[in-house]
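What follows is the residue order along each chain.
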Amino acid sequence: MKKLLKKLLKLIITLGILFSIGVWGLGYREYKQVISENPIETSIQNVKNKDLYSTYDEIPSLFLDAIVSVEDERFWVRNGTVDFEALIRATAVNIINLELVQGGSTIPQQVSKNLYFENSASLIRKVAEYFVTRDLLKVSSKQEILELYVNMIYYGNGAYSIKEASLNYFNIYPWQLNEGELVILAGLPQAPSIYDLTQNYDLAKQRQHHVLDRMVANGVLTEEQAHEIFIMEVRNYEKND
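This one's a predicted model, so the numbers in the text were calculated from it and none came from an experiment.

Quick notes on the packing of aromatic side chains
Working step 1: In the structure shown here, the tally under the stated rule is 12 aromatic pairs.
Working step 2: When the centroid spacing of 5.5 Å and the interplanar angle of 50 degrees are considered together, the rings of tyrosine 28 and tyrosine 31 count as tilted. Here the residue tyrosine 28 and the residue tyrosine 31 both occupy positions in helix H1 (residues 2–37), the gap between them amounting to three residues, near one helical turn.
Working step 3: Taking the relative accessible area as the measure of exposure, tyrosine 31 reaches 6% and is therefore buried.
Working step 4: A centroid spacing of 6.3 Å and a plane angle of 55 degrees characterise the contact between tyrosine 169 and phenylalanine 170, whose relative ring orientation is tilted.
Working step 5: One aromatic cluster is present, built from ring pairs that chain together Trp24, Tyr28, Tyr31, Tyr130 and Phe131.

Remarks on the nonpolar core
Working step 1: Counting 60 residues, the largest nonpolar core has Phe63, Ile67, Ile107, Val111, Val150, Phe170 and Leu185 as its most contacted members.
Working step 2: Among the elements that take part in this core, helix H3 (residues 61–71) stands out by supplying seven residues, more than any other.
Working step 3: In this view, valine 111 contacts Leu136, Ile145, Leu148, Tyr149 and Met152; residues no more than four positions away in its chain are not counted.

So, how was this worked out
- Along each chain, the written sequence defines residue order, and numbers are assigned to residues from 1.
- Two thresholds apply to this predicted model, a pLDDT of at least 70 for residue-level local features and 80 or more for giving and counting side-chain atom pairs, whereas whole-chain, interface and lining totals are computed over all residues.
- Working from all heavy atoms in the structure, the side-chain values ignore hydrogens and water.
- A pair of Phe, Tyr and Trp rings is counted when the ring centres sit within 6.5 Å of each other, with Trp represented by its six-membered ring. The angle between the planes then sorts it: under 30 degrees is stacked, over 60 is edge-to-face, the rest tilted.
- Comment: elements are numbered from the N terminus, with helices defined as DSSP H or I runs of at least four residues and strands as E runs of at least two.
- Relative accessibility under 20% of the residue-type maximum defines a buried residue, over 50% an exposed one, and the middle range a partly exposed one, all with a 1.4 Å probe and only protein chains included.
- The set of buried Ala, Val, Leu, Ile, Met, Phe, Trp, Tyr and Cys residues whose side-chain atoms join them within 4.5 Å is what this entry labels a nonpolar core.
- Whether two residues are in contact is decided by their heavy atoms, any of which lying within 4.5 Å being enough.

Structure (structure tokens):
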């Protein structure tokens, strides 16, 4: 019986190794294909050439701090391509809740996905995404990656950049927003349809509160500053009754 179990265990391990090698190889092949068709520098420039693109200096620092705090708090200190700490934490939370509650993707990984893969979910796509992220970190600074991220993600209400979101929701540019409006916008990308300000203002405010909590936890704001921001007026849009 013990010999049978050992053989079965060896078979399972061997199949697992072969499966991993196969997925890794197919992912690398897909990465090479998309990069050969559209080099990463070209893909980045295509995003920067879009209308309503905002440069890093044009984006209020509070908004960027909010995005990092709620989307990828280790963004500035992480040196590797994958954040294993965040991945392990997200996996544990998902197992405990028996559903996909958290994701382990970093901001650079999400930029890579948006550049080439859109809604990638397969293991092969994740491997390809890893290699693109590796290249992205080689050719771009952290500031540039964060700039790309806030100009690519979806904010709901048809807006795919921070400037477009600001204009759509408030009819003014990002640098004209008050602190409350900046932080509430930073919470939208996690679930744009759910937190759409024109449809679900109360849920958007709940999300804003969570963003502020993360900013306090990360030392970006004091509790007093967070409270002052939370009670600020969010202007220039019509609430649904």
